[in-house]
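# Geometric and topological summary
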Amino acid sequence: MNSTMNTELIENVKYDDIKLGQSARLLRTLTLADIQAFAAVSGDVNPAHMDAAYANDTLFHGLIAHGMWGGALISTLLGTQFPGPGTIYLEQVLHFTKPVRIGDTLTVTATVVSKDDATKKVELDCQVVNQKGEHVLHGTAKVLAPIKKISMARASTPLIQLFDPQARFKELLARSAGMDAVRCAVVHPCDVESLSGAIDAAGHGVIVPVLIGPELRIRHIAEEAGIDLAGVEIISVQHSHAAAELAATMAAKGEVEMLMKGSLHTDELIHAVLAQPTLRTGRRMTHVFRFDVPLYSKPLLITDAALNIRPSLQEKVDIIQNAIDFARILGIETPKVAILSAVETVNPAIPSTIDAAALCKMAERGQINGGILDGPLAFDNAISVHAAQIKHIKSCVAGEADILVVPDLESGNMLAKQLEYLAGASGAGIVLGARVPIALTSRADGPMARVASALLAQLVAHNARRDQPRQVW
């Protein structure tokens, strides 16, 4: 959270200056962000407030505000305006009469109905009315009014950035609506995370899993974790190497349209794929992360942070082209590609800046197609328009990047993990460049990330059907 500066003064009304019949009011319009923020702070995730599909089938026929959100507005009026700072809340009676919906503008009024000079207690009639003049909330409040005049700067409030990973996941899942599940070889799913991820992906209609690994071990894990394997095909092999080889062979024969990494090392699986000439294309195999980042307005692709350790200039061409083609599958018509370095100027002492300049020129000459490239760009310039303006960078990519191309695996891996662990990003990963996509997950990935990775591979597999007629098995 970041604090915002506010120099506005707030003042109270002393008990001695309060008169019977005196009142104050405030206005507030309800937004979806208000509902989400209140739910985040209170923990009240009642689906009537959070799930539009559920709420549409209730008595209210749509999302409504938490009742106590209106109560909080009364507290705001009493604590900041009338009587204001120094007021001690003693009692509140509330009656909820109508729902408050997104877009409703509420007028909150507090009127003094009694005073007790001995105790300095004040009773106020509280009314909350919507823009139609309908009472949505009413009641009485009892407060201990301040006896000294207070005038002070309004306290700065935290800037709350709302981020709903589940909502972002549902948006991604919606991209596969209407697509049939893809037959997928799940390679050596011999831990709870990889096995449950595959079954969850099947449950979402993303894949038809073919589990390849030691069957007894897989079934034991499923039993221990309560995972239902009824109807799931299992092909038993002794170890992870055999599982990778068989999965690659099945992909080469067209028996599966995608692969999904289980509990084996990435290089085992990639080596098995490379050993099948039929699975090779004219491109280098590369990895792309897709991240939903709380403070970034759109999905962000990062490449390559998992396969190519120190890519050459020509290898970076494949890395970028694979990422552009993938972004287009995700619906980004002309992806904006930021080629990252430590600085935004070409420096012969920093090889990545020279590569960036060369890659931009190659794109101009048609050696990279489908996207808009710019670089070298430092990370801040790539994702922040403000940072780019400060450094007088004129670019249609700076601050608007869809794809970040990192100099090497080390920097990419660190960037990806920083986004996940420090920025709260939710991510998924995929390997491109072979005849079939590979959903590549980390051992630390949760169920949602694993399903998301499978979904990315499903989208790529369906796109590939345009060039490779589907076979039914």
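Residues numbered from 1 in each chain as written. Predicted model: local features only at pLDDT ≥ 70, side-chain atom pairs only at ≥ 80, totals over all residues. Heavy atoms only, no water.

## Concerning helix α1 (residues 32–42)
Quick reminder: α-helices carry 3.6 residues per turn. Residues three or four places apart thus point the same way. Those residues of α1 lying buried are D34, I35, A37 and A39. Contacts made by the buried residues of α1 are with β3 (23–29), α2 (47–50) and α4 (67–80). Note on α1: the residue one or two positions beyond its end, G43, has a positive phi of about 85 degrees. (Buried < 20%, exposed > 50% of the residue type's maximum accessible area, 1.4 Å probe, protein only. Helix = DSSP H or I, 4+ residues; strand = E, 2+ residues; numbered from the N terminus. Contact = heavy atoms within 4.5 Å.)

## Digging into the nonpolar core
For soluble globular proteins, nonpolar side chains are generally found buried alongside one another. Residues L195, I207, L211, L229, I320, F326 and L373 are the most contacted members of the largest nonpolar core, which totals 55 residues. In this structure, I74, C126, L137 and A141 belong to the second largest nonpolar core, which totals 28 residues. (Core = buried A, V, L, I, M, F, W, Y, C linked by side-chain atoms within 4.5 Å.)

## Side note on the environment of G231
Within the fold, G231 resides in the loop between α7 (215–225) and β12 (233–236). Residue G231 is classed as exposed on the basis of its relative accessible area, which comes to 86%. Considering only alpha carbons, one finds G231 and P209, 22 residues apart in sequence, at a separation of 10.0 Å.

## Considerations on the sheet that holds β12
Taken together, 11 strands build an open sheet; the order of strands is β12-β11-β10-β13-β20-β19-β14-β15-β18-β16-β17 and the sheet is mixed. The outermost strands of the open sheet, each flanked by one partner alone, are β12 and β17 (372–377). Of the strand pairs in this sheet, strand β14 (residues 286–292) and strand β19 (residues 426–432) are connected by 7 bridges, and their pairing is antiparallel. Paired with H287 across the two strands is V431, which belongs to β19. (Pairing = 2+ DSSP bridges.)

## Focus on unusual backbone geometry
Of the consecutive residues F82 and P83, the connecting peptide bond is found in the cis state with omega at 0 degrees. Tracing the sequence through the fold places P83 in the loop between α4 and β4 (88–96). A cis amide bond, omega -5 degrees, links T303 with the succeeding residue D304. With respect to the element layout, D304 can be found in the loop between β15 (300–303) and α10 (313–329). In this structure, H61 is a non-glycine residue whose phi angle is positive, near 55 degrees. With respect to the secondary-structure elements, H61 resides in the loop between α3 (52–56) and α4. Judged by relative accessible area, H61 falls into the exposed class, the value being 60%. We note that K120 has phi near 65 degrees; this positive angle belongs to a residue other than glycine. Relative to the helices and strands, K120 is located in the loop between β5 (105–116) and β6 (121–129). Using a relative accessible area of 27% as the deciding quantity, one classes K120 as partly exposed.

## Some thoughts on the sheet that holds β5
Taken in spatial order, the 5 strands make up an open sheet running β3-β5-β6-β7-β4, and their pairing is antiparallel. Looking at strand neighbours, the two that pair on one side only are β3 and β4, the edges of this open sheet. Shown here is a sheet whose adjacent strand axes are inclined to one another by a mean of 20 degrees, direction ignored. Summarising the sheet, β3 and β5 pair through 7 bridges and their orientation is antiparallel. Looking at β5, one finds that A24 is bridged to A110. Those strands touched by α4 are β3, β4, β5, β6 and β7 (135–144), and its axis lies near 145 degrees from that of β4. (Axes fitted to C-alpha atoms, helices over the stretch in contact; angles between N-to-C directions.)

## Quick word on the pattern of salt bridges
In total, this model carries 14 salt bridges according to the counting rule given. Measuring nitrogen to oxygen at the nearest pair gives 3.1 Å for the salt bridge that ties D180 to R465. Here the residue D180 occupies a position in the loop between α5 (165–174) and β10 (182–187), and R465 occupies one in the segment after α15 (447–464), the gap between them amounting to 285 residues. Residue classification places D180 among the partly exposed positions, given a relative accessible area of 28%. (Salt bridge = Lys/Arg side-chain N within 4 Å of Asp/Glu carboxyl O.)

## Observations regarding the confidence of the model for the protein chain
Here the protein chain shows a mean pLDDT of 91. Residues at 70 or above account for 96%. Segment residues 1–6: pLDDT under 50, and 12 contacts once partners within four positions in sequence are set aside and those in other chains are kept. Confidence drops under pLDDT 50 across residues 469–473; counting only partners more than four residues distant or on other chains, this segment forms 9 contacts. (pLDDT = per-residue confidence, 0-100.)

## Notes on helix α6 (residues 192–203)
Over its 12 residues, α6 runs 16 Å from end to end, which matches the ideal 16 Å to within 8%, given 1.5 Å per residue. Among all positions of α6, only S194, L195, S196, G197, A198, I199 and A201 are buried. Check the buried side of α6 and you find it contacts β10, β11 (207–213), α7, β13 (258–261) and α15. Phi for G205, located one or two positions after α6, is positive at around 75 degrees. (Expected span 1.5 Å × (residues − 1).)

## A word on the pairing of β6
Where β5 and β6 come together, 9 bridges link them in antiparallel fashion. Opposite S114, over in β6, you have E123 as the bridge partner. Relative to β7, β6 runs antiparallel, the two sharing 9 bridges. Of the residues in β7, the one forming a bridge with V129 is H135.

## Focus: the side chain of S194
Relative to the helices and strands, S194 resides in helix α6. Exposure remark for S194: the relative accessible area of 3% places this residue in the buried category. Polar side-chain contacts of S194 include one of 2.4 Å to the side chain of D191. (Polar contact = N/O pair within 3.5 Å; in protein donor to acceptor, adjacent residues only side chain to side chain.)

## Some words on the packing of aromatic side chains
If you walk through the whole model with that rule in mind, you get 1 aromatic pair. With centroids separated by 5.3 Å and ring planes inclined at 35 degrees, the aromatic side chains of F289 and F291 adopt a geometry described as tilted. Neither F289 nor F291 differs from the other in exposure class; each is buried. Just above the ring of Y15 sits the side chain of K115; from NZ or CZ to the centre is 4.2 Å. (Phe/Tyr/Trp six-rings, centres within 6.5 Å; stacked < 30°, edge-to-face > 60°. Lys NZ or Arg CZ within 6 Å of the ring centre and 35° of its normal.)

## Thoughts on the environment of P447
With respect to the helices, strands and loops of the structure, P447 is situated in helix α15. For P447, a relative accessible area of 49% corresponds to the partly exposed category. Along the chain, P447 and L195 lie 252 residues apart, while their C-alpha atoms are 9.7 Å from each other.

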